[in-house]
Amino acid sequence: MSVELMVWDESAPISRDQARAAYLAVKKTEPVAGEVPEVAKELPGEVTVYPGHLLVTMDLDTMDEMSAQVFTVARAHGLVCYDPQRDLVHNVAPLGVYEGMQLHTGDGMIVHDPDLGLVHDVLATMSPQNPFVTLVNFGRHFIQVSPGYELEYKEAALARTMVAELAEVQRAFQEYATGDRSFLARHEWTA
């Protein structure tokens, strides 16, 4: 079984709906033959060139590792990356304030310097197949959530709280990523 990612240039951040529509429209067209764009040579997996778009196909077994490489190459070239399996779009911006911050999911996705829209959307994908989402600044601090919305934050010590709604989890992750610690005052935390 194979999986796909599609990368292309956009002038501004786009929504998942816009990315999905672009992906589906491109898939209805024919690939182009001829000269391969330089960025395609940096992408892992099998790359198919469409007008203005690159489709990266990889084995399911190597998806996590290769997807991380595709995300990195796309970001380095200022390209959007759409993941149709997870229905997630990786925009170039806006980013959080912590350079090198990583997004980890329980289903194996790792993204370096994730855009804030991706962080927001990934939180809505928690399920038995994706049992946690973490934003981590290695050696400094992290925030993590698991189903049932158990929120964990660690800086000097690990603290936990239960949050009632996904929207509040998304708000806390947004604040964490932008350097705002308001979420700490809004909740009762236990060690």
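Up top is the structure these notes are about.
Treat the numbers as computed from the prediction; the structure is a model and nothing was measured.

Chemist: I keep staring at the side chain of Asp-87 and nothing clicks. Help me out?
Modeler: Among the structural elements, Asp-87 can be located in the loop between strand E4 (80-83) and strand E5 (88-90). For Asp-87, the side chain forms a polar contact with the side chain of Arg-20, separated by 2.8 Å. With residues near it in sequence (within four places) discarded, Asp-87 still touches Arg-16, Arg-20 and Tyr-82.

Chemist: Sorry, what's going on with the sheet that holds E5 here?
Modeler: Reading across from one edge, E2-E3-E1-E4-E5 is the order of the five strands in this open sheet, with antiparallel pairing throughout. The open sheet has two edge strands with one neighbour each: strand E2 (46-50) and E5. Direction aside, the axes of adjacent strands within the sheet are offset by 20° on average. Pairing of strand E1 (residues 2-8) with E4 involves three bridges; the strand directions are antiparallel. Its bridge partner lying in E4, Val-7 is registered against Cys-81. The strands touched by helix H1 (residues 16-27) within the sheet are E1, E2, strand E3 (53-59), E4 and E5, with E1 carrying the most contacts at an inclination of about 105°.

Chemist: Where do I start with the sheet that holds strand E6 (residues 102-105) in this structure?
Modeler: Strands pair in a sheet through their backbones, by hydrogen bonds, and they do so in one of two ways: parallel or antiparallel. If you walk across this open sheet you meet the six strands as E7-E6-E8-E9-E10-E11, and the pairing is antiparallel. Looking at which strands have only one partner, the edges of the open sheet turn out to be strand E7 (110-112) and strand E11 (158-162). Put simply, the sheet's adjacent strands are angled 15° from each other on average, direction ignored. When E6 meets E7, the two strands line up antiparallel, connected through three bridges.

Chemist: Sorry if this is basic, but what is going on with unusual backbone geometry here?
Modeler: Note: most peptide bonds trans; most residues except glycine with negative phi. In this model, Ala-93 is joined to Pro-94 through a cis peptide bond whose omega is 0°. As for its position among the elements, Pro-94 is in the loop between E5 and E6. Although it is not a glycine, Asp-113 sits at a positive phi angle of roughly 50°. Following the sequence through the fold, Asp-113 ends up in the loop between E7 and helix H4 (116-123). Take Asp-113: its relative accessible area is 22%, and that puts it in the partly exposed class. The phi dihedral of Tyr-149 falls on the positive side, at around 60°, and the residue is not glycine. As for its placement among the helices and strands, Tyr-149 is situated in the loop between strand E9 (141-146) and strand E10 (150-154).

Chemist: Looking at this structure, how should I read the pairing of E2?
Modeler: One face of the sheet, then the other: side chains in a regular strand alternate in exactly this way. Pairing of E2 with E3, which is carried by five bridges, proceeds in the antiparallel orientation. The residue of E3 that forms the bridge with Val-47 is Val-56. Between the antiparallel neighbours E2 and E3 lie two residues, among them Gly-52 with a positive phi of about 75°.

Chemist: What's the story with the packing of H4 against helix H5 (residues 166-177) in this structure? I'm lost.
Modeler: Relative orientation and spacing of two packed helices are given, respectively, by the angle between their axes and the distance between those axes. For the pair H4 and H5, interaxial distance at closest approach is 9 Å and the crossing angle is 150°. With respect to H5, the axis of H4 lies roughly antiparallel. Here the hand of the crossing between H4 and H5 comes out right-handed. Each of Leu-116, Val-119, His-120 and Leu-123 in H4 lies in contact with H5, whose residues at this interface are Leu-166, Val-169, Gln-170, Phe-173, Gln-174 and Ala-177.

Analysis parameters
- Per-chain numbering applies: the sequence of each chain, read as written, is numbered from 1 onward.
- Local features in a predicted model are, by the rule used here, given only for residues with pLDDT of at least 70; side-chain atom pairs are given and counted only at 80 or more, and totals for whole chains, interfaces and linings are based on all residues.
- Where side-chain values are given, they derive from all heavy atoms of the structure, hydrogens and water being excluded.
- Helix and strand definitions follow DSSP, with helices as H or I runs of at least four residues and strands as E runs of at least two, each counted in order from the N terminus.
- Residues adjacent in sequence count toward polar contacts only when both atoms are side-chain atoms; beyond that, a polar contact is any pair of N or O atoms within 3.5 Å, and within protein one must be able to donate a hydrogen and the other to accept it.
- Any pair of residues with heavy atoms lying within 4.5 Å of one another is described as a contacting pair.
- A pair of strands is labelled paired if DSSP reports no fewer than 2 bridges between them.
- Fitting a line to C-alpha atoms yields each axis, with helices limited to the stretch in contact; the angle taken between N-to-C directions then spans 0 to 180 degrees.
- Burial here depends on accessible area, computed with a 1.4 Å probe over protein chains only, as a share of the maximum for the residue type. Under 20% is buried, over 50% is exposed, and the range in between is partly exposed.
- Here the word oblique covers every angle except those under 35 degrees (roughly parallel), over 145 (roughly antiparallel) and from 65 to 115 (roughly perpendicular).
- Handedness of each helix crossing follows the sense of rotation of the near helix against the far helix: counterclockwise by less than a right angle gives left-handed, clockwise gives right-handed.

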